[in-house]
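A look at the structure
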Amino acid sequence: MQDFDTVNQAFSKQSDYFDDYDYQNPILVYMREQVHQHVLKFLPQKANYLELNAGTGLDVCFFASQRPESTFHATDLSDGMIQKLQKKVVSLSLDKQISVQQCSFLELDKVENKQFNYVFSDFGGLNCAKDLKEVATKLIPLLADGAYLTWVIMPPICPWELITALKFRFSYAFRRLKLGGTMAHLEGNYFKTYYFTPSQVEKALGNNFKKIALEGLGAIIPPPEREDFAKAKPIFFEKLKKWDEKVRYSFPFNTWADHFIITLQYQK
Ligand SMILES: C[S@@+](CC[C@H](N)C(=O)[O-])C[C@H]1O[C@@H](n2cnc3c(N)ncnc32)[C@H](O)[C@@H]1O
């Protein structure tokens, strides 16, 4: 069971600088654009969209601006994230389109709308869940027939992290491979995180979901914490982006990466 209080405290502290860090990190900017392009391929013009672990609302506000005929429901566990999200929605005058609810993805039975046709989760929020089946059990009753689900998840194998073993950074290099989860340290708080393969996501969701797209996020480009690299070597970073674009849809690059983006469709 997730320690809600610790996770809430950690992400609430992070919410104070979350957007500023995101905007100034060229790797994160690029990765978020890739996620947005992926989602826009499947997001209906008239979507009824649910977001899990929405953070400060960077994604939901973007999608609302792209789909003015759609309605959006953004959820997150953390006090700080929810406050920033509510403020952003109001300041962008999106409050008629976007509703906000403080709710864990382990308690989705608290969400009242039962006809979502798109469910989104970005940047590893679901890596805080020990068992994705628990999320799926409460999510499925909220879905309309034919609903799409796009989840952005951190897998156990990230080549950029593994190669740091050559510099003897063994605990970082192999952190994702620890059995029983890895202790994350965020803002002085410790909590467990878990890494999942695309097959584990499919298994947790069950037979009523069909995988329709899978791509690696940060397959060739370095992970966001290597922003120093992208800033110091911009020309090389541009080259890596080009290679990344070519290979991210094929195995192993669609699975061995910083994150992967998986989209599945639900049939009742
Ligand atoms: C890395 S942030 C990503 C935020 C957002 N998806 C984005 O891409 O900007 C992870 C988010 O997961 C949220 N989170 C962690 N555990 C959660 C839970 N059990 N239920 C809902 N949200 C949770 C955190 O509060 C945090 O906002």
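Below, the structure is looked at part by part.

Conventions we followed
Residues numbered from 1 in each chain as written. Predicted model: local features only at pLDDT ≥ 70, side-chain atom pairs only at ≥ 80, totals over all residues. Heavy atoms only, no water. Helix = DSSP H or I, 4+ residues; strand = E, 2+ residues; numbered from the N terminus. Rg over C-alpha atoms; globule rule 2.2 N^0.38 Å. Buried < 20%, exposed > 50% of the residue type's maximum accessible area, 1.4 Å probe, protein only. Contact = heavy atoms within 4.5 Å. Areas by Shrake-Rupley, 256 points an atom, 1.4 Å probe, with all protein chains shown as cover. Lys, Arg positive; Asp, Glu negative; His and termini not counted. Charge placed at Lys NZ, Arg CZ, Asp CG, Glu CD. Pairing = 2+ DSSP bridges. Core = buried A, V, L, I, M, F, W, Y, C linked by side-chain atoms within 4.5 Å. Axes fitted to C-alpha atoms, helices over the stretch in contact; angles between N-to-C directions.

**Considerations on the overall build of the protein**
Tallying secondary structure elements over the protein gives 11 helices and 9 strands in all. Against the 2.2 N^0.38 benchmark of 18 Å for 268 residues, the protein shows a C-alpha radius of gyration of 18 Å, consistent with a compact globule. The buried share of the protein, taken over its 268 residues, is 57%. Across the protein, contacts joining residues at least 24 apart in sequence account for 78% of those joining residues at least 6 apart. Of the roughly 12700 Å² of accessible surface on the protein, a fraction of 56% belongs to carbon and sulfur atoms. In the protein, 32 positive and 31 negative side-chain charges are present, and the distance between their average locations comes to 5 Å.

**Some remarks on the pairing of strand S9 (residues 259-266)**
Among the 8 residues that make up S9, 8 are buried, leaving the element largely enclosed by the rest of the structure. Across 6 bridges, strand S5 (residues 143-153) lies against S9 in antiparallel orientation. Along S9, the bridge assignment pairs Trp151 with Ile262. The pairing of strand S8 (residues 209-217) with S9 spans 8 bridges and is antiparallel. Within S9, the residue paired with Leu217 across the bridge is His259.

**A word on the pairing of strand S7 (residues 189-193)**
Where burial is concerned, the two faces of S7 differ: the one with Asn189, Phe191 and Thr193 is buried and the one with Tyr190 and Lys192 is not. Note: strand S6 (residues 182-186) against S7, 5 bridges, orientation antiparallel. Paired with Ala184 across the two strands is Phe191, which belongs to S7. Counted between consecutive antiparallel strands, the loop separating S6 from S7 contains 2 residues, among which Glu187 sits at a positive phi close to 55 degrees.

**Comments concerning the environment of Leu40**
By secondary structure assignment, the location of Leu40 is in helix H3 (residues 26-42). Judged by its relative accessible area of 26%, Leu40 is partly exposed. The spatial distance from the C-alpha of Leu40 to the C-alpha of Phe63 is 8.0 Å, given a sequence separation of 23 residues. Those residues in contact with Leu40, other than ones at most four positions away along the chain, are Phe62, Phe63, Gln66 and Arg67.

**With respect to the nonpolar core**
Counting residues in hydrophobic clusters, the biggest one holds 40 residues, and the most contacted among them are Leu52, Val119, Val135, Leu139, Trp151 and Val201. No other element matches S5, which puts 5 residues into this core. Residues within four places of Leu139 in sequence aside, it is in contact with Leu50, Leu108, Val119, Leu149 and Trp151. Tyr49, Ala64, Tyr118 and Leu217 belong to the second largest nonpolar core, which has 37 residues in total.

**Observations regarding the environment of Asp122**
With respect to the helices and strands, the residue Asp122 is situated in the loop between strand S4 (116-121) and helix H6 (132-139). Separated by 86 residues in sequence, Asp122 and His36 have C-alpha atoms that sit 10.0 Å apart. When sequence neighbours within four positions are dropped, the list of residues in contact with Asp122 reads Arg32, Val35, Asn53, Asp59 and Val152.

**What to know about the sheet that holds S9**
Pairing in this open sheet of 7 strands is mixed, and the strands run S3-S2-S1-S4-S5-S9-S8 from one edge to the other. At either margin of the open sheet sits one strand with a lone partner, and together these are strand S3 (98-102) and S8. Pairwise comparison of adjacent strand axes, ignoring direction, gives a mean angle of 15 degrees for this sheet. In this structure, strand S2 (residues 71-76) lies alongside S3, joined through 5 bridges in parallel fashion. Residue pairing in the sheet places Asp76 in a bridge with Gln102 of S3. The strands touched by H3 are S4, S5, S8 and S9; relative to S8, the strand with the most contacts, the crossing angle is about 155 degrees. Relative to S5, H6 is tilted by about 155 degrees, and along the sheet it contacts strand S1 (48-52), S4 and S5.

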